[in-house]
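Residues per chain, in single letters:
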Amino acid sequence: MRYFAVFFFLLLTTIVIGQNSTTAQKISGKIVNDDTTLPVGNVNIVNLNKVKGSVSDENGLFEIEATVNDTLHFSSIGFQTIRVRVTNDWIKNGTSQIRLTEKAIALEEVSIQSYRLTGYLEVDSKLIPIRENFRYSISGLAHGYEAGEYSPGAFGNVLGSIFNPADMLYNFFGKKPRELEKIKKMKKDKNIRNLLESKYDRETIAALLGIDKSEINEILARCNYSESFAQTANDLQIMDAISGCYEEYKILSKK
C-alpha cells in the first residue's frame, strides 16, 4: 500500500508538471542593449507558435502569452532581429533578460535623376512611368491597398498554379496550410496588426509563414500584384494580399 501511494504521488506530480508546461501562461522579460545594458523600449515581440504579439515599454519590460518550446521573435528598428525559445527555466522563474545587438548601418549613395521633359505632352507622357495599380481598402487602415485578385489576369494565374505541381504558388499554398491559417489569427491580434502596419522589412511575415523574405515578392507576383506594390506596401498590406490570394486558391482548388 505504501509503494502504491508513492507511485500515485509521482504519477500525479508528473501530470501536473506536464500540464504546466503545455498550458499557455503569461511570461515576462526585460530587453536591454547588449552593448550598453540600457533598456530598449518599443521592441516588437511575436510568439510565432501562438501568433500573439506584445511590445516592450520604455523600461524594456514586456509580457506575452507562451508555453515551453514556443519561439519568440524580437524586432526593433536599429537592432538585429533575434528568435528566443521559451525554456522550462523561463516558465519557472517567470522572467528573463533579452539582449539585442545594434545594427551597423552603412548609408548607400543615392543618385537623384529628374525626368527630361520636352514640353510636348505626347512625348512626355511616354517618358514618365505609369503605375497601373488597383487599390481597395483594408479594414483598420485609412488609405487603400492594391488588390491583385481584381487586376487583369489574376484569376488565370491562380487557376494555372493549381494544375501545375511545379508552380511556386502551388508548392507554397499546398505545403504550408498550417502557416497560412496563422494569418487569420494575426488579423485578430491588435498588437500584431499595429506591428505589421508600421513595418516594411518583411521579417515578421517571413518568420510567421516559415519562408525566406525573397520568396514574398515571387508569391505576390504570382498573385498578380505589381512590383511597385511589393516594394512600397507595409507588412500589414502584404499580409492581407497573401491572405486574399490564399483564400481564392482554396476556393478554386475545391472546384
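Each chain has its residues counted from 1, running along the sequence as written. For a predicted model such as this one, the threshold for reporting local features is a pLDDT of at least 70, and the threshold for listing and counting side-chain atom pairs is 80 or more; totals across whole chains, interfaces and linings nevertheless cover every residue. Only hydrogens and water are set aside when side-chain values are computed; all heavy atoms of the structure are taken into account.

**Student:** Looking at this structure, how should I read the sheet that holds strand E6 (residues 82–85)?
**Tutor:** Neighbouring strands of a sheet are bound in pairs by backbone hydrogen bonds; such pairs are parallel or else antiparallel. Pairing is antiparallel across the open sheet formed by four strands, whose spatial order is E3-E2-E5-E6. Looking at the sheet topology across the chains shown, the edges are occupied by strand E3 (52–55) and E6. Each strand axis lies, on average, 20 degrees off the axis of its neighbour in the sheet, ignoring direction. As paired elements, strand E2 (residues 44–47) and strand E5 (residues 71–75) share four bridges and run antiparallel to each other. Of the residues in E5, the one forming a bridge with Asn47 is Leu72. Strands E2, E3 and E5 of the sheet are contacted by helix H7 (residues 190–197), whose axis makes an angle of about 65 degrees with E3. A pair of strands counts as paired when DSSP detects no fewer than two bridges linking them. Helix and strand definitions here come from DSSP, where helices need a minimum of 4 consecutive H or I residues and strands a minimum of 2 consecutive E residues; each element is numbered from the N-terminal end. Helix axes are fitted only over the stretch in contact, all axes being lines through C-alpha atoms; the angle between N-to-C directions runs from 0 to 180 degrees. Residue contacts are counted whenever heavy atoms from the two residues lie within 4.5 Å of one another.

**Student:** Explain the sheet that holds strand E1 (residues 25–33) to me, please; I cannot follow it from the model alone.
**Tutor:** Ordered by their spatial adjacency, three strands build an open sheet running E4-E1-E7, and the pairing between neighbours is mixed. Only two strands of the sheet have a single partner each, and these edge strands are strand E4 (61–66) and strand E7 (97–100). Within this sheet the neighbouring strands show an average axis-to-axis angle of 40 degrees, counted without direction. For E1 and E7, the ladder comprises four bridges, and the chain directions are parallel. Bridge pairing in E7 places Lys30 opposite Gln97.

**Student:** For this particular structure, what's the right way to read the pattern of salt bridges?
**Tutor:** Salt bridges are defined as contacts in which a side-chain nitrogen from Lys or Arg sits within 4 Å of a carboxyl oxygen from Asp or Glu. Using the criterion set out here, one finds five salt bridges in the structure. With a shortest N-O distance of 3.5 Å, Arg99 and Asp34 are connected by a salt bridge. Of this pair, Arg99 sits in strand E7 while Asp34 sits in the loop between E1 and E2, and the two are 65 residues apart along the sequence. When a residue's accessible area, from a 1.4 Å probe over protein chains only, is under 20% of the maximum for its type it is buried; when over 50% it is exposed; and in between it is partly exposed. A relative accessible area of 39% places Arg99 in the partly exposed class. The exposure class of Asp34 is partly exposed, given its relative accessible area of 37%. Residue Asp235 is joined to Arg202 by a salt bridge in which the shortest nitrogen-to-oxygen separation is 2.7 Å. With Asp235 in helix H11 (residues 235–254) and Arg202 in the loop between H7 and helix H8 (203–209), this pair connects stretches of sequence that are 33 residues apart. Given the relative accessible area of 0%, Asp235 is considered buried.

**Student:** When you look at a positive patch on the surface in this model, what are you seeing that I'm missing?
**Tutor:** Surface patches are defined over residues having more than 30% relative accessible area and no salt bridge, joining like charges when they lie within 9 Å and nonpolar side chains (Val, Leu, Ile, Met, Phe, Trp, Tyr) when within 5 Å. Note on areas: Shrake-Rupley, 1.4 Å probe, and residue coverage restricted to the protein chains presented here. Positive charges are assigned to Lys and Arg, negative charges to Asp and Glu, while His and the chain termini are left out of the count. By convention, the point assigned to a charge is CZ for Arg, NZ for Lys, CD for Glu and CG for Asp. Taken together, the side chains of Lys26, Lys52, Lys185 and Lys188 make up a positively charged region of the molecular surface. Relative to the assigned elements, Lys188 resides in helix H6 (residues 177–188).

**Student:** Please explain unusual backbone geometry as it appears in this structure.
**Tutor:** Of all residues except glycine, most have a negative phi; of all peptide bonds, most are trans. The backbone of Asn69 sits at a positive phi, close to 80 degrees, despite the residue not being glycine. Residue placement: Asn69 occurs in the loop between E4 and E5. Look at Asn224: it is not a glycine, yet its phi comes out positive at around 75 degrees. In this structure, Asn224 sits in the loop between helix H9 (213–222) and helix H10 (227–232).

**Student:** Looking at this structure, I do not really get H7. What am I missing?
**Tutor:** In an α-helix, one turn spans 3.6 residues, which is why side chains three or four residues apart end up on the same side. The complete set of buried residues in H7 reads Ile192, Arg193, Leu195 and Leu196. Down the axis of H7, the buried set is contained in an arc of 160 degrees. They therefore lie on one face. What the arc covers is the set of directions going from the helix axis to the C-beta atoms.

**Student:** Please clarify how the environment of Cys223 should be interpreted in this entry.
**Tutor:** Its place among the elements puts Cys223 in the loop between H9 and H10. When the C-alpha atoms of Cys223 and Cys245 are compared, they prove to be 6.2 Å apart, with 22 residues separating the residues in sequence.

**Student:** Quick question: what am I supposed to make of the packing of aromatic side chains here?
**Tutor:** Two aromatic rings, taken as a pair, are described by how far apart their centres are and by the angle between their planes. In summary, the pairing rule links any two rings of Phe, Tyr or Trp, Trp by its six-membered ring, whose centres are within 6.5 Å, and it sorts them by plane angle into stacked for under 30 degrees, edge-to-face for over 60 and tilted for everything else. On inspection of all chains with the given rule, the structure shows two aromatic pairs. An angle of 75 degrees between the planes, with centres 5.6 Å apart, marks the rings of Phe62 and Phe74 as edge-to-face. Linking Phe62 in strand E4 with Phe74 in strand E5, this pair joins segments that are 12 residues apart in sequence.

**Student:** What is the right way to read the layout of surface pockets from this model?
**Tutor:** A probe matching the size of a water molecule, rolled over the atoms, marks out where space remains unfilled. What the largest pocket holds in volume is close to 320 Å³. Surrounding the largest pocket, 18 residues form its lining, Asn44, Ser76, Ile77, Ser198 and Lys199 being those nearest its centre. The greatest single-element share of the lining of the largest pocket, amounting to three residues, is contributed by H7. Any residue that is not Ala, Val, Leu, Ile, Met, Phe, Trp, Tyr, Cys, Pro, Asp, Glu, Lys or Arg is counted as polar, Gly included; the first ten are nonpolar and the last four charged. Residue composition of the lining of the largest pocket, grouped by class: five nonpolar, nine polar and four charged. Think of a 1 Å grid over the protein atoms and nothing else: a 1.4 Å probe that fits but is trapped marks a cavity, an open set flanked by protein within 12 Å on at least five of seven lines marks a pocket, and residues with an atom within 4 Å of a point count as lining. Grid points are joined across faces, edges and corners, and a volume is the space filled by probe spheres set on the points.

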